[in-house]
Amino acid sequence: MATFHLGNISRRGLIASALLAGLVGCGGDDNAPRLTAGAVSSPNSFGAQAAKQILDLGGNAVDAGVAVAFALAVTLPSAGNIGGGGFMTMYMEGKPYFIDYREKAPGAATPTMYLDAKGDVIPRLSLDGSLAAGVPGTVAGMQAAHEKFGRLQWSEVLAPAIGYARNGFVAYATADATSTPSRVNFNNYFGGKMVKGQLFKQPELADTLQRISANGADEFYKGKTADLLVAQMGRTSGLISKADLANYKAVWRDPVAINWNGHMVYTAPPPSSGGFGIGQLLKMKSFLAPQYASAPLNSAQYMHLTAEMEKRVFADRAQYLGDSDFFKVPMKELLADDYLRRRAAEVNPLVPTPLANVKPGLGTDFPAAASAVEKLQTTHFSIVDKWGNAVSNTYTLNGGYGSGIVVEGAGFLLNNEMDDFAAKPGVPNQFGVVGSDANSVQPNKRPLSSMSPTIATKDGKVALVLGTPGGSRIFTSVYQVLVDVLDYKLPIAEAQAQPRFHHQLLPDNVIEYEAGKYPDSVIADLAGRGWIMKAGVSGGLNIEAVQVVGDTPVPVTDPRSPNGLALVVLPVR
């Protein structure tokens, strides 16, 4: 990791060798800049450079965010996508917004589609191949955000991605069939050409992006690209139809808003469990303030108290969270102060609470929902523009390289998001998480997610933008960095460098922790209390963040991220 210094500000990650000039014009012609610069934190340099290109043209945070999303679809094929979906949290002109462009089950999907004649789950059927793919939402989501807030032309924000696809980019790593969850037709796409250090061109994807640039999202959902996708379904026994594509819509939802330590934290509502989880953790921590006062950050007692809170969060998540378009999620009750004060009082201050004693807290007045966990090949980026607008975006193909299915002639991979449904109630998915009937497969339904694109503001101004991939580890990791900055007052680079840990109710009493980053005495203390300590955290370790300090944006890519780029874009003088 390189470190770049500007005055007394340090940024971790692969940082540009010099601050890059740009930013002419603005989102509103006469709006004066509020910040000294714009900034982006991206999982790779190609996304960061796409944001810079758009900010240089006078685009705002949404313009830059759309450009990054499409650029990562070309340069980060394991997770960046136009064949998947996700969530975007925005803070534009002093107001919070959220758009849900999560994938949906095809209209022909059924609750038993992954079961054999005996009613048993068919291994990997919901993971590999076209039957694993949900209706993609990324293109619709990006266009909806751009239509509402974008200042540049649609063709301008797609130009960086088209350039990467048409002219090629030098790959960070080799992509081959051994790195995907499926062997279906992966080599038809990469053909052995994506090799570390070599130029990789994708002419079919370039043509697809060019058509989307010319014709908008209708191209993807109703045009030639839709025809190619449906033809691929026909060749590989998939379910996505032309009607499924034509009927797909991204949805504007109210973000979850949590008042915390003088800040407003805006994050993801259902079908994400992220806002619910972050909100419950923040509020329970405030009610446990006396206990935390004697528990220094990352001490054994701090980890114990946090894991005890997480037990209750994941118990509620398993019972009450689902697609709010299909199931009434009791968010008001789950985030009520009186309820969380009671849940916090259940925390055992010394030893883990036995699993049998950890129940969903609202009782049986509310029907059971579901639990689901998206896979680890998700990605996130954070952007702030010089007018103080912000974008926090997390999107995914689910597993690495999704279903392994490439839409031939169109050059993009399809997701395997259908595995986030409960293939059979009570049967664990590949992450050991079970679901109920409320998360069973149903036509046009969105599976539950943990993605948590988050923005914190203070006095109506952006203070922190962050998010991460990592399945069920997403919101516990975002929570840890949030409190490191907003509660423990750590600079974002120091907060990013803190060790992370995770507990999720099941497996019983297991705490995952970053090996070699905690003193042996801390691990021994927790083991002595009855926790099962597991070295290694399988997710939540690629946070991309931007903190605003005064009027200066400080972007920081996760120090664990090998290819991330945090970039400041200075205005032209």
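See the structure shown above.
The rules behind these values
Residues numbered from 1 in each chain as written. Predicted model: local features only at pLDDT ≥ 70, side-chain atom pairs only at ≥ 80, totals over all residues. Heavy atoms only, no water. Phe/Tyr/Trp six-rings, centres within 6.5 Å; stacked < 30°, edge-to-face > 60°. Helix = DSSP H or I, 4+ residues; strand = E, 2+ residues; numbered from the N terminus. Buried < 20%, exposed > 50% of the residue type's maximum accessible area, 1.4 Å probe, protein only. Axes fitted to C-alpha atoms, helices over the stretch in contact; angles between N-to-C directions. Left-handed = near helix turned anticlockwise from the far one by under 90°. Contact = heavy atoms within 4.5 Å. Nonpolar A, V, L, I, M, F, W, Y, C, P; charged D, E, K, R; others polar. Core = buried A, V, L, I, M, F, W, Y, C linked by side-chain atoms within 4.5 Å. Pairing = 2+ DSSP bridges. 1 Å grid on protein atoms, 1.4 Å probe; cavity = no way out; pocket = protein on both sides within 12 Å on 5 of 7 lines; lining within 4 Å. Points joined across faces, edges and corners; volume = space filled by probe spheres on them. Arc of directions from axis to C-beta.

Draft legend 1. Highlighting the packing of aromatic side chains. Across all of its chains, the model carries 18 aromatic pairs by this definition. Look at F381 and Y395: their rings are 6.4 Å apart centre to centre, the planes differ by 85 degrees, and that puts the pair in the edge-to-face class. Of this pair, F381 sits in strand 12 (residues 378-384) while Y395 sits in strand 13 (residues 390-396); the two residues are 14 residues apart in sequence, bridging distant segments of the chain. Take F381 and Y395: they sit in the same class, and that class is buried.

Draft legend 2. Up close: the packing of helix 1 (residues 45-56) against helix 2 (residues 61-75). Packing of helix 1 against helix 2 brings their axes to within 8 Å, and their N-to-C directions diverge by 145 degrees. Crossing geometry of helix 1 relative to helix 2 is assigned as right-handed. In this structure, helix 1 contributes F46, G47, A50, A51, I54 and L55 to the contact, and helix 2 contributes D63, A64, A67, V68, A71, L72 and T75. Residue composition of the contact of helix 1 with helix 2, grouped by class: ten nonpolar, two polar and one charged.

Draft legend 3. Highlighting the nonpolar core. Core analysis: the largest hydrophobic core is formed by 76 residues, its most contacted members being F70, I82, M90, L209, F220, L229 and F412. Sort the elements by how many residues they give to this core and helix 2 lands first, with twelve residues. Among all residues touching L209, those that are not within four sequence positions of it are F70, V74, I82, L158, A161, I162 and A165. In terms of nonpolar packing, the next biggest core, distinct from the first, is built from 69 residues, V265, V313, L482 and V556 among them.

Draft legend 4. Up close: the sheet that holds strand 10 (residues 256-260). Pairing in this open sheet of six strands is antiparallel, and the strands run 10-11-16-17-21-22 from one edge to the other. Looking at the sheet topology across the chains shown, the edges are occupied by strand 10 and strand 22 (552-557). Direction aside, the axes of adjacent strands within the sheet are offset by 20 degrees on average. In this sheet, strand 16 (residues 454-458) lies alongside strand 11 (residues 263-267) in antiparallel orientation, the contact comprising three bridges. Each residue of the ladder has a partner; that of V265, found in strand 16, is A456. Across the sheet, helix 10 (residues 274-287) touches strand 10, strand 11 and strand 16, and the angle it forms with strand 10 is around 20 degrees.

Draft legend 5. Quick look at the pairing of strand 16. Taking burial as the measure, the five residues of strand 16 include four buried ones, the bulk of the element. As paired elements, strand 16 and strand 17 (residues 461-467) share five bridges and run antiparallel to each other. Bridged to I455 within strand 17 is V465.

Draft legend 6. Representation of empty space enclosed by the protein. Evaluated as defined, the whole model comprises two cavities of 30 Å³ or more. Counted as a void, the largest cavity has a volume near 70 Å³. In terms of lining, the largest cavity is formed by eleven residues, of which the most central are A73, G80, N81, F412 and L413. Split by residue class, the lining of the largest cavity holds eight nonpolar, three polar and no charged.

Draft legend 7. The sheet that holds strand 19 (residues 510-513), seen in detail. Strand order in the open sheet made by the three strands is 18-19-20, with mixed pairing throughout. The sheet is open, and its two edges are formed by strand 18 (501-502) and strand 20 (532-535), each paired on a single side. As paired elements, strand 19 and strand 20 share four bridges and run parallel to each other. Looking at the pairing, Y513 lines up with A535 of strand 20.

Draft legend 8. Local environment of the environment of N44. Position of N44 among the secondary structure elements: in the loop between strand 4 (38-42) and helix 1. Exposure remark for N44: the relative accessible area of 1% places this residue in the buried category. Remark: the alpha-carbon pair of N44 and F381, spanning 337 residues in sequence, is separated by 9.4 Å. Not counting residues up to four positions away in its chain, the partners in contact with N44 are L72, T75, L76, Y172, N563, G564 and L565.

Draft legend 9. How the structure looks around helix 14 (residues 337-345). All of the buried residues in helix 14 are Y339, L340, R343 and A344. Considered in projection along helix 14, the buried side chains sweep an arc of 135 degrees and stay on one side of the axis. Summarising the geometry of helix 14, the exposed residues directed more than 90 degrees from the buried face are D338 and A345. Where helix 14 is buried, its residues contact helix 10, helix 12 (300-320) and helix 13 (331-334).

Draft legend 10. Molecular detail of the packing of helix 1 against helix 4 (residues 154-167). Running from N to C, helix 1 and helix 4 point in directions that differ by 145 degrees, and their axes come no closer than 9 Å. Seen along the crossing, helix 1 lies across helix 4 with a hand that is right-handed. Here helix 1 contributes F46, Q49, A50, Q53 and I54 to the contact with helix 4, which in turn contributes E156, V157, P160 and Y164. The class makeup of the residues in the contact of helix 1 with helix 4 is six nonpolar, two polar and one charged.

From the geometry alone we can't say anything about function, so treat these as descriptive.
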